[in-house]
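Here are the chains, one letter per residue:
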Amino acid sequence: MSKIAIVADSSTNITPEQAKALGVYIAPLQVIIDGVEFQDLINLQPKDIIDALRAKKDIKTSQPNVGIIENLFHTLKAAKYDHIIVISLSSVLSGTWQTFNLAAANAEVLDLVTIIDTSSICGPNRHAVEVAKKLADEGKSVEEIVNIVNVIAKDSRTYILPDNLEQLIRGGRVKGATALLGTLLKIKLLLKIDHEVPSIEKLDTARTDVKLFQAIVEDMKARGNTPKTHKVYLPACEAADRVQAFINYLNDKEPGYDVEHIVLPAGVAAHTGFAFGVQPTLK
């Protein structure tokens, strides 16, 4: 049976303690606050980014440190792993995928590494890590694991409901007419991310959250999502009331979904600001 390591980045919101218990490896994203660099979920916690957002500090992000990943790859090679599967957040949203590739080249382990660009983030990637680790422990091949991770990734769609667009605009993630709608016209926006479109796109607009919730649930149904086939992750930053309101709406309209509320990691919240996401994920 092959010995396969599972590696991901901290956008999965898998803490160092959870990673150790699960037996996977997490590369921290870099977050720069007022010129000071931190490592997501290591010396920067979700509460820290909330405080920085409230104080309107200058917040930027960067991909994981290439040297840290090089060292990780060297360590895994020395531990006699036959293969390393890396589950990376979307290359559209971050340079993390490129950094994993550069680190693999520098560490001279390209023949041992498969790096998956999920075109997604947070919940689906967290789920993919857990599934990949389970399959590796069961003795599944690299090809089988990679195929299943790709199926999960391509099926996923992330719905984003920001309180406002300030951070998304500041980071250049939202531009043009979408930015105008959310700022000058004060309309609530529903944004989406998936593998089909290489950017954050507007899905709908409304005056109330209920209308946006309706749009999400209708889109989920149109995409064939059901409680039997999909779990719903709800990553959030300071949006507990809105998250609960969505859960109530979902339970009323489409009861039976397994729902998991997770904290939005600092490396993601730095861009979205106060917001929450809805992420139906193939079980």
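**Side note on the sheet that holds strand S5 (residues 59-62)**
Pairing is antiparallel across the open sheet formed by three strands, whose spatial order is S4-S3-S5. Strands with a single pairing partner mark the edges of an open sheet, and in this sheet they are strand S4 (36-39) and S5. Sheet twist, expressed as the mean angle between neighbouring strand axes with direction ignored, is 30 degrees. The sheet contact formed by strand S3 (residues 30-33) and S5 spans four bridges and is antiparallel. Bridge assignment links Val-31 to a residue of S5, and that residue is Thr-61.

**Some remarks on the confidence of the model for the protein**
Of the residues in the protein, 92% reach a pLDDT of 70 or more, and the chain-wide mean stands at 91. The low-confidence segment residues 175-184, where pLDDT is below 50, has 17 contacts with residues more than four positions distant or belonging to other chains.

**Describing the packing of aromatic side chains**
Each aromatic ring pair is characterised by the separation of its centres together with the angle its planes make. On inspection of all chains with the given rule, the structure shows five aromatic pairs. The interplanar angle of 55 degrees and the centroid separation of 6.1 Å between the aromatic rings of Phe-213 and Tyr-249 together place this pair among those described as tilted. Here Phe-213 is found in helix H9 (residues 209-222), whereas its partner Tyr-249 is found in helix H10 (residues 240-253), with 36 residues between them in sequence. Where Phe-246 meets Phe-276, the ring centres are 6.5 Å apart and the plane angle is 50 degrees; that geometry is what we call tilted. Taken together, the residues span a long stretch of sequence, with Phe-246 in helix H10 and Phe-276 in strand S13 (residues 275-282) at a distance of 30 residues. Take Phe-246 and Phe-276: they sit in the same class, and that class is buried. Taken together, the ring pairs connect Phe-213, Phe-246, Tyr-249 and Phe-276 into an aromatic cluster. Sitting over the ring of Tyr-81, Lys-3 keeps its end group 4.6 Å from the ring centre.

About the thresholds
Residues numbered from 1 in each chain as written. Predicted model: local features only at pLDDT ≥ 70, side-chain atom pairs only at ≥ 80, totals over all residues. Heavy atoms only, no water. Pairing = 2+ DSSP bridges. Helix = DSSP H or I, 4+ residues; strand = E, 2+ residues; numbered from the N terminus. Axes fitted to C-alpha atoms, helices over the stretch in contact; angles between N-to-C directions. pLDDT = per-residue confidence, 0-100. Contact = heavy atoms within 4.5 Å. Phe/Tyr/Trp six-rings, centres within 6.5 Å; stacked < 30°, edge-to-face > 60°. Buried < 20%, exposed > 50% of the residue type's maximum accessible area, 1.4 Å probe, protein only. Lys NZ or Arg CZ within 6 Å of the ring centre and 35° of its normal.

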